[in-house]
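Breakdown of the fold
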Amino acid sequence: MTSAAPESPLLTRARRTQGWGLGLLTVAALLWVWFVVLLLTPYEQQDGGSACPPLLTSEYVHHDDCVEARDWPGLLALLGGSVPFAAAGAALYAAGAVTQRVAEHLGGKDD
């Protein structure tokens, strides 16, 4: 029967870092989902005009007034805003995974 050894501070910090990484990756994924929803849903023009078809349909090309109505800089800002979250999340998760492997390796040498 083995007793449960307390978890090392290095392993605790590694798991916390991985959690932060997953959290940031989740935020980036939610921003990507929001971007896709905006591309796939119909919308109304700002001046109260008729409804425009979704951006990713063939009918969209034939509506000149709808082309001008969609806020492309806002959509691209949403997509660009997800990049820092994705990069930081991937870096934190990878750093946490490496630290966890090192902590497990160092913990296994004590046996």
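Residues numbered from 1 in each chain as written. Predicted model: local features only at pLDDT ≥ 70, side-chain atom pairs only at ≥ 80, totals over all residues. Heavy atoms only, no water.

With that settled, consider the overall build of the chain. Of regular secondary structure, the chain possesses three helices and two strands. Order of helices (α) and strands (β) in the chain, N terminus to C terminus: α-β-β-α-α. Long-range pairs, those at least 24 residues apart, make up 61% of the contacts in the chain between residues at least 6 apart in sequence. Of the roughly 7,700 Å² of accessible surface on the chain, 66% is carried by carbon and sulfur atoms. (Helix = DSSP H or I, 4+ residues; strand = E, 2+ residues; numbered from the N terminus. Contact = heavy atoms within 4.5 Å. Areas by Shrake-Rupley, 256 points an atom, 1.4 Å probe, with all protein chains shown as cover.)

What follows concerns the side chain of glutamine 18. Structurally, glutamine 18 is set in helix H1 (residues 9-40). Among all residues touching glutamine 18, those that are not within four sequence positions of it are Leu92, Tyr93, Gly96, Ala97 and Gln100.

For the rest of this paragraph, the subject is the nonpolar core. Within the largest apolar cluster, nine residues are counted, these being Leu31, Phe35, Leu39, Tyr43, Cys52, Leu55, Cys66, Leu75 and Leu78. For this core, the element with the most residues is H1, which contributes three residues. (Core = buried A, V, L, I, M, F, W, Y, C linked by side-chain atoms within 4.5 Å. Buried < 20%, exposed > 50% of the residue type's maximum accessible area, 1.4 Å probe, protein only.)

Across its 32 residues, H1 extends 46 Å between first and last C-alpha, which sits within 8% of the 46 Å expected from 1.5 Å per residue. For H1, the set of buried residues is Leu11, Ala14, Gln18, Gly21, Leu24, Ala28, Leu31, Phe35 and Leu39. (Expected span 1.5 Å × (residues − 1).)

So, about a nonpolar patch on the surface. A grouping of Trp32, Trp72, Leu76 and Leu79 is seen on the molecular surface, where their side chains present a nonpolar patch of about 380 Å² in accessible area. At three residues, the largest contribution of residues to the nonpolar patch is made by helix H3 (residues 72-108). (Patch = residues over 30% accessible without salt bridge, like charges linked within 9 Å, V, L, I, M, F, W, Y side chains within 5 Å. Salt bridge = Lys/Arg side-chain N within 4 Å of Asp/Glu carboxyl O.)

On to the confidence of the model for the chain, then. Residues shown with low pLDDT carry predicted positions that ought not to be read at fine detail. Here the chain shows a mean pLDDT of 82. Residues at 70 or above account for 76%. Ranking the helices and strands of the chain by mean pLDDT puts H1 first, with 93, and helix H2 (residues 64-69) last, with 68. (pLDDT = per-residue confidence, 0-100.)

By the element assignment, serine 82 lies in helix H3. Exposure remark for serine 82: the relative accessible area of 0% places this residue in the buried category.

Mapped onto the secondary structure, leucine 30 falls in helix H1. You can call leucine 30 exposed: its relative accessible area is 57%. The spacing of leucine 30 and serine 82 is 52 residues in sequence and 8.7 Å in space, taken between C-alpha atoms.

Okay, the environment of leucine 78 next. Secondary-structure assignment places leucine 78 in helix H3. Taking the C-alpha atoms as reference, leucine 78 lies 6.8 Å from phenylalanine 35; in sequence the two are 43 residues apart. The contacts of leucine 78, once residues within four sequence positions are left out, are Leu31, Trp34, Phe35 and Leu38.

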